[in-house]
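Geometric and topological summary
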Amino acid sequence: MIQVTPGLGSSSAPPEQGSNFLVAPIPFSNPTMGVGLALGGAFLTPLGKDSPPSTIGGGALYSENGTFGGALGFKGYFDEDRYRLSAGLAAMRLHYDLTVSDGQEIPLRQEVLVFGLEGLVRVGERVFVGPQLLLSGLNTELRRQEDAGEVPDEELDADSVALGLRAQRDTRDSTFYPRSGSLADAQVRIFDEALGSEFSYQVLPLAYNAYISPGERDVIALRASARMAFGQVPFYGESFFGSNADLRGYTIGTLHDDALLAAQAEYRRELVWRLGAVAFGGVGAVAPSLSEIGDAQSLPSVGFGLRLNLEKENHVNFRLDFAWGRD
């Protein structure tokens, strides 16, 4: 399978003190949604001395399979990066296929409304801790009537409320595209009927990123990640392979379970003018639990990409990635 994923990324120059606005059309092609077009925009500005640039952004997308939606977000750094505040709102109508335990593909039409809020405070040398709030509403329809019963009725329409806690140790030299340092990130999210959720379960995402610069124009980025779900986990609360920042080249909805483990590396090279190139590879697996990951099928990912620098001061890139996974 090949996956083509253009988008907004960023590169390695340290941030400058100044405000910048950028907007870009983002065509995409992937097995989940087919061919489509997104429009993204962002305003970058520092909100204080010695703080990374804060970002206000938004976008909308439409694809040939009928998927459409939009999102708004804010990520702010205050008081010399003592406080970090993030907020986001997204509304989507998704068309995709969910693969169930017997390998059958269930075409779904899903309407999703999500709001997230997070506040972090620096409690030590480059260490940040703070609470999270996540609210979501989900309405799912089966696009084939003969699939009735394959997904439990109580999981088709569900509201979720989660309280969480996040801890980070961030030694990166840039929040956009670091050349050195690392980011260790641990979260716990608790969904509970007492909070207003339809199901009671817990999610534990963990990640570690490290950055090395062997040369003036080169960066090696390394990432290891895990995600575990415990309790009364509905299908949409499972760990979906190929989503988030973990391993390109897979169709979302095909490989999912309660536990996920992945590792990957990416080599980034600045070329001429505003152009750059990357090559990446990794491997991962999903299983009912982390203890069973060793018995699961290994899922490799390889690919390459191009970069175009859209915004010089913070070196924000337009990216185009080609990725292959198993099969």
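Residues numbered from 1 in each chain as written. Predicted model: local features only at pLDDT ≥ 70, side-chain atom pairs only at ≥ 80, totals over all residues. Heavy atoms only, no water.

As for the overall build of the chain
This is how the line gets drawn: Secondary structure elements follow DSSP: runs of H or I no shorter than four residues count as helices, runs of E no shorter than two count as strands, and numbering proceeds from the N terminus. C-alpha atoms define the radius of gyration in this analysis, and the globule rule sets the expected value at 2.2 Å times the number of residues to the power 0.38. Relative accessibility decides the category of a residue: with a 1.4 Å probe and only protein chains considered, values under 20% of the type maximum give buried, values over 50% give exposed, and everything between is partly exposed. For the area figures, the Shrake-Rupley method with a 1.4 Å probe applies, and any residue is considered shielded solely by the protein chains shown. Two residue types count as positive, namely Lys and Arg, and two as negative, namely Asp and Glu; His and chain ends fall outside the count. Where a charge lies is defined by one atom per residue type: Lys uses NZ, Arg uses CZ, Asp uses CG and Glu uses CD.
Counting secondary structure elements, the chain contains zero helices and 18 strands. Against the 2.2 N^0.38 benchmark of 20 Å for 327 residues, the chain shows a C-alpha radius of gyration of 20 Å, consistent with a compact globule. Dimensions of the chain, computed from C-alpha atoms along their principal axes, come out at roughly 55 × 40 × 40 Å. When burial is assessed residue by residue, the chain has 45% of its 327 residues classed as buried. Of the accessible surface of the chain, which amounts to about 15,600 Å², a share of 59% is contributed by carbon and sulfur atoms. A gap of 11 Å separates the mean positions of the 26 positive and 41 negative side-chain charges of the chain.

A word on the pattern of salt bridges
Between side chains of opposite charge, pairing is possible as soon as their charged atoms come close. Note the cut-off: Basic side-chain nitrogens of Lys or Arg form a salt bridge, by our definition, when they fall within 4 Å of a carboxyl oxygen of Asp or Glu.
Tallied over the full model, the rule gives 13 salt bridges. We note a salt bridge from Asp-185 to Arg-166, for which the minimum N-O separation is 2.8 Å. Here Asp-185 is found in strand 10 (residues 181-191), whereas its partner Arg-166 is found in strand 9 (residues 157-170), with 19 residues between them in sequence. Accessibility classification places Asp-185 together with Arg-166 in one group, the buried group. Look at the salt bridges and you will find they share partners, linking Arg-248, Glu-266, Arg-268, Arg-307 and Asp-321 into a network.

A word on the side chain of Ser-51
Spelled out, the test is: N or O atoms within 3.5 Å of each other form a polar contact, as long as, within protein, one can give a hydrogen and the other can take it, and as long as residues adjacent in sequence are counted only when both atoms are side-chain atoms.
Of note, Ser-51 is situated in the loop between strand 3 (34-45) and strand 4 (54-63). There is a polar contact of 3.1 Å between the side chain of Ser-51 and the backbone nitrogen of Glu-80.

Considering the confidence of the model for the chain
Rules: The predictor attaches a confidence to each residue, and that confidence, scored 0 to 100, is pLDDT. For this analysis, residues touch if any pair of their heavy atoms sits within 4.5 Å.
Overall, the prediction assigns the chain a mean pLDDT of 90, with 94% of residues at 70 or greater. Within the chain, the lowest mean pLDDT, 48, falls on strand 1 (residues 2-10), and the highest, 98, falls on strand 10. Low confidence marks residues 8-16, where pLDDT is under 50. Its contacts with residues over four positions away, or in another chain, come to 37 contacts.

Focus: the packing of aromatic side chains
Keep this limit in mind: Two rings from Phe, Tyr or Trp (for Trp, the six-membered ring) form a pair when their centres sit within 6.5 Å of each other. Planes less than 30 degrees apart are called stacked, planes more than 60 degrees apart edge-to-face, and all others tilted. Only when the NZ atom of a Lys or the CZ atom of an Arg is both within 6 Å of the ring centre and within 35 degrees of the ring normal do we say a charge sits over the ring.
By the definition in use, this model includes six aromatic pairs. Ring geometry for Phe-191 against Tyr-201: centres 4.5 Å apart, planes inclined by 5°, an arrangement best described as stacked. In this pair, Phe-191 sits in strand 10 while Tyr-201 sits in strand 11 (residues 201-215), placing the two residues 10 residues apart along the sequence. Judged on exposure class, the residue Phe-191 and its partner Tyr-201 are both buried. Measuring from centroid to centroid gives 5.3 Å for Phe-304 and Phe-322, while their planes differ by 20°, and the two rings are stacked. On the criterion of sequence distance, the pair formed by Phe-304 in strand 17 (residues 299-311) and Phe-322 in strand 18 (residues 316-325) is long-range, its members being 18 residues apart. Judged by relative accessible area, which is 22%, Phe-322 ranks as partly exposed. An aromatic cluster is built from Phe-304, Phe-322 and Trp-324, whose rings are joined through pairwise contacts. Over the ring of Phe-128 we find Arg-84, and its NZ or CZ is 4.0 Å from the ring centre. Above the plane of the ring of Phe-280 lies Arg-248, whose end atom (NZ or CZ) is 3.6 Å from the centre.

Things to note about unusual backbone geometry
A positive phi angle, near 55°, is found at Glu-80, a position not held by glycine. Examined against the element boundaries, Glu-80 turns out to sit in the loop between strand 5 (68-78) and strand 6 (83-99). Given a relative accessible area of 45%, Glu-80 falls into the partly exposed group. Phi angles above zero are rare outside glycine, and Asp-327 is one such case at about 60°. Among the secondary structure elements, Asp-327 is positioned in the segment after strand 18. The exposure class assigned to Asp-327 is exposed, which follows from its relative accessible area of 80%.

Points about the nonpolar core
Test applied: Only buried residues count toward a nonpolar core. Its members are Ala, Val, Leu, Ile, Met, Phe, Trp, Tyr and Cys residues joined through side-chain atoms within 4.5 Å.
In this structure, Tyr-96, Leu-98, Val-100, Ile-106, Leu-108, Leu-142, Val-151, Leu-156, Phe-235 and Phe-240 together form the largest nonpolar core, which totals 10 residues. At the level of elements, strand 6 and strand 7 (105-124) are the ones that each hand at least two residues to this core. Not counting chain neighbours up to four residues away, the residues in contact with Leu-156 comprise Leu-138, Asn-139, Thr-140 and Val-151. By size, the runner-up hydrophobic cluster in this structure holds eight residues, among which are Ala-158, Phe-191, Val-203 and Val-233.

Describing the pairing of strand 10
Regular strands show a simple pattern: their side chains alternate between the two faces of the sheet. This is how the line gets drawn: When DSSP locates at least two bridges between a pair of strands, those strands are taken to pair.
When strand 9 meets strand 10, the two strands line up antiparallel, connected through nine bridges. Bridging from a neighbouring strand, Gln-168 pairs with Asp-185 of strand 10. Sheet topology note: the strand 10/strand 11 ladder contains nine bridges and is antiparallel. Across the sheet, residue Gly-181 finds its bridge partner in strand 11, namely Tyr-211.

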